[in-house]
Amino acid sequence: MSAATDEPPRPSPGRSPDRSPGRGPGRRSGRGHDREILALAVPAFGALVAEPLFLMADSAIVGHLGTPQLAGVGVASAALTTATGVFVFLAYATTAAVARRIGAGDRRGAVQQGVDGLWLALGLAVPVVLLTLLLAPWAAGVLGASPTAAPYAVTYLRISSLGIPAMLLVLAATGVLRGLQDTRTPLLVAVAGFTANIGLNVGLVYGAGLGVAGSAWGTVLTQTGMAVAYLVVVVRGARRERASLRPDPVGIRAGARAGGPLLVRTVSLRAVLMLATAVAARLGDDQVAAHQIAMTLFGFLAFALDAIAIAGQAIIGRHLGASDAPGARAATRRMVEWGVGSGVVLGLLVVLARPLFVPLFTPDPVVQGQLHTALLLVALCQPVAGLVFVLDGVLMGAGDGPYLARASLATLALFAPAALAVPATGTGLAGLWWAMNLFMLVRAVFLVARARGGHWLVTGAVRG
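Residues numbered from 1 in each chain as written. Predicted model: local features only at pLDDT ≥ 70, side-chain atom pairs only at ≥ 80, totals over all residues. Heavy atoms only, no water.

Q: Could you give an account of a nonpolar patch on the surface, naming the residues involved and the relevant values?
A: There is a patch of nonpolar side chains on the surface, built from L131, L134, L135, W138, V142 and L143 and spanning about 640 Å² of accessible area. Counting through the fold element by element, L134 comes out in helix α4 (residues 107–142). (Patch = residues over 30% accessible without salt bridge, like charges linked within 9 Å, V, L, I, M, F, W, Y side chains within 5 Å. Areas by Shrake-Rupley, 256 points an atom, 1.4 Å probe, with all protein chains shown as cover. Salt bridge = Lys/Arg side-chain N within 4 Å of Asp/Glu carboxyl O. Helix = DSSP H or I, 4+ residues; strand = E, 2+ residues; numbered from the N terminus.)

This is the structure we're talking about:
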């Protein structure tokens with residue numbers, strides 16, 4: 001039976017879920033919320049950091065083969081990240097759905113929902129693998145691979161595409177465990193995977209003499225091993241709860257419907273980042289170099305803030321599944337405090353540490369000057385980013401994907417003209433990062449407006 005077929009009764013239409021009587025979790029103290037947030041967020045941060053470390057390790061190992069090889073792997077990694085990154089909804093939607101079932105006391109249904117998510121991941125992986133194999137030369141060309149780097153990019157991309165099913169399974173399985181309020185297992189799997197990846201890459205690239213192909217095979221083997229580890233955990237849980245492991249079309253379609261709006265959200269946000277890079281490239285080599293460094297740091301800081309958002313997905317989904325709307329409100333307030341406070345601290349660290357780490361990225365004094373200015377604006381937006389990431393996670397945990405999709409499209413529509421006007425106004429890289437700050441501020445306005453209302457507070461084991 002599908003996990004989506006045994007929905008409990010909903011609150012009566014005349015009563016807002018915002019005013020439903022509070023249960024125990026709704027009356028939890030701030031200190032109790034802090035313990036729960038940290039217990040989920042800290043391991044989540046470790047698992048999040050492991051992903052870019054994979055790419056950094058590959059680059060460090062391949063970099064000793066030569067510049068064309070490193071350039072080829074860089075282009076292929078960008079294509080691969082784009083091809084799989086848009087499917088991050090497999091983790092987000094699954095987390096929310098599983099957490100609701102947990103809150104409703106339906107652990108068997110929660111695991112069943114997770115199994116449906118795994119089947120959805122496999123179904124999506126097949127066409128993505130085929131398209132990646134077919135379009136690898138085209139992707140290398142579009143992303144600007146030079147004639148000497150293109151063969152290495154195509155080789156790495158085609159071999160790595162064989163690991164896409166494992167990558168998507170890892171996303172979905174991570175969502176299952178987060179929904180089950182477990183972020184420690186993903187951390188352990190990520191650390192083991194990172195360690196294995198280094199060993200396999202060194203052995204295959206240099207020991208076996210496979211070069212770029214060895215790096216790709218090492219990553220494929222690592223991702224496959226991680227997927228197997230997750231599957232063992234989920235299958236054991238399914239057997240323990242007597243949930244079916246067979247594909248259920250109803251449950252898979254429900255997962256796809258929940259993930260569709262989150263896919264729109266993710267594509268819209270990626271479009272913002274791509275547009276920002278395109279505008280920076282039109283400003284000049286010094287500006288685009290500084291922009292890429294600033295964006296790398298911005299992305300790293302996002303991991304710290306996104307860890308709180310992941311905790312929010314799991315906590316809010318559980319509260320709403322338990323029909324505890326006051327508890328969801330209280331947890332949201334506390335996580336917002338954590339997000340904004342963390343943003344203030346991170347912003348101050350960026351400002352104070354600029355003289356220490358800027359020279360590590362580039363010795364060019366012109367690029368350093370551009371970077372110092374950009375980093376001040378990166379620091380300025382961190383408190384807003386903390387608010388945005390937390391509320392984004394809260395609304396995802398509530399299953400409010402359609403609103404997030406609409407808000408992301410509207411934000412893109414407002415950001416695009418501001419960014420495209422930068423070259424004409426002569427404001428340079430500073431103008432582009434002011435546009436990035438506008439982007440974060442507009443997101444904050446949309447998310448705060450939604451969070452202050454009660455439309456997202458839909459309770460029950462399944463959001464209708």
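Q: Kindly report on helix α13 (residues 382–397), identifying the contributing residues and their values.
A: Compared with an ideal rise of 1.5 Å per residue, which puts 16 residues at 22 Å, α13 spans 22 Å between its outermost C-alpha atoms and is within 8% of the ideal. Burial analysis of α13 places 14 of its 16 residues in the buried class, the great majority of the element. Just past α13, the residue G399 takes up positive phi, approximately 75°. (Expected span 1.5 Å × (residues − 1). Buried < 20%, exposed > 50% of the residue type's maximum accessible area, 1.4 Å probe, protein only.)

Q: Could you give an account of empty space enclosed by the protein, with specific residues and numbers?
A: Tallied over the entire structure, the rule returns 1 cavity of 30 Å³ or more. Its volume calculated, the largest cavity comes out at about 50 Å³. In this structure, the largest cavity is lined by D392, L404, A407, S408, T411, R443, F446 and L447. Breaking the lining of the largest cavity down by element, the ones donating at least two residues are α14 (401–420) and α16 (428–452). With 4 residues, the top contributor of residues to the lining of the largest cavity is α14. Class assignment for the residues of the lining of the largest cavity results in 4 nonpolar, 2 polar and 2 charged. (1 Å grid on protein atoms, 1.4 Å probe; cavity = no way out; pocket = protein on both sides within 12 Å on 5 of 7 lines; lining within 4 Å. Points joined across faces, edges and corners; volume = space filled by probe spheres on them. Nonpolar A, V, L, I, M, F, W, Y, C, P; charged D, E, K, R; others polar.)

Q: If you had to explain the environment of G431 to someone new, which residues and values would you point to?
A: Its place among the elements puts G431 in helix α16. C-alpha separation for the pair G431 and V73, spaced 358 residues apart in sequence, amounts to 31 Å.

Q: Describe the pattern of salt bridges, with residues and values.
A: This model, assessed by the stated rule, comprises 9 salt bridges. Linking R334 and D34 is a salt bridge whose minimum nitrogen-to-oxygen distance equals 2.7 Å. Taken together, the positions of R334 in helix α11 (residues 325–361) and D34 in helix α1 (residues 30–63) put the pair 300 residues apart, joining distant regions of the chain. Where R443 meets D392, a salt bridge forms, and the shortest distance between an N and an O atom there is 3.5 Å. One end of the pair, R443, is in helix α16; the other, D392, is in helix α13, with 51 residues separating them in the sequence. We classify R443 as buried; its relative accessible area is 8%. Members of the salt-bridge network, linked through shared partners, are D34, R334 and E337.

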